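# Coordinate analysis (summary)
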Amino acid sequence: AIPAGVLFVGVSFGAGYVLGGPANEARQVHGLGTAARNIPAALLVGGQNFDDPNVAIMVILVALVSLILLGPLAVLAGRRQKSNQQSRPTSAANP
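Residues numbered from 1 in each chain as written. Predicted model: local features only at pLDDT ≥ 70, side-chain atom pairs only at ≥ 80, totals over all residues. Heavy atoms only, no water.

## Focus on the overall build of the protein
Selection rule: Numbering of helices and strands runs from the N terminus; a helix is a DSSP stretch of H or I covering at least four residues, while a strand is a stretch of E covering at least two. Here the globule rule is a power law, 2.2 Å times the number of residues to the power 0.38, and the radius of gyration is based on C-alpha atoms. Three exposure classes are used, based on accessible area relative to the maximum for each residue type with a 1.4 Å probe and protein chains only: buried under 20%, partly exposed in between, and exposed over 50%.
Check the secondary structure of the protein and you find four helices and zero strands. Counting from the amino terminus, helix and strand elements in the protein follow one another as α-α-α-α. Here the protein has a C-alpha radius of gyration of 18 Å; the compact-globule value for 95 residues is 12 Å, and the former is much larger. For the protein, the spread of C-alpha atoms along the three principal axes comes to 65 × 20 × 20 Å. Counting across all 95 residues of the protein, residues that qualify as buried make up 19%.

Set out below in structure tokens:
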């Protein structure tokens, strides 16, 4: 179940990143937004449509996997964005 969750999150991130547009910042945001699932909605749909308790367990497992994988990616993207902003000269400093 864990490899399936990792694959699902990875493919979701990849799809959002590839389809995110030409700007690197936009691709990162789209990748993270696509891979981050709406956990309460998934639990509601799974609970209403399936009687098997393993469905809820799988939804929660994928949510945990996504937090473990996407958290560090978001921090890394934020650090990269911050370093890019600091390395660019501002127009006020260079008239």
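## Side note on the nonpolar core
We count it as follows: Take the buried Ala, Val, Leu, Ile, Met, Phe, Trp, Tyr and Cys residues and link them wherever side-chain atoms come within 4.5 Å; each set so joined is a nonpolar core. In this description, contact between two residues means that some pair of their heavy atoms is separated by no more than 4.5 Å.
Counting residues in each nonpolar core, the largest one holds six residues, listed as V9, F13, A35, V62, V65 and L70. When contributions to this core are tallied by element, the ones reaching two or more residues are α1 (2–18) and α4 (53–87). Counting residues per element, this core draws most heavily on α4, at three residues. Excluding its chain neighbours within four sequence positions, the residues that come into contact with V9 are A35, V62, V65, S66, L69 and L70.

All quantities given are derived from atomic positions and should not be read as evidence of function.
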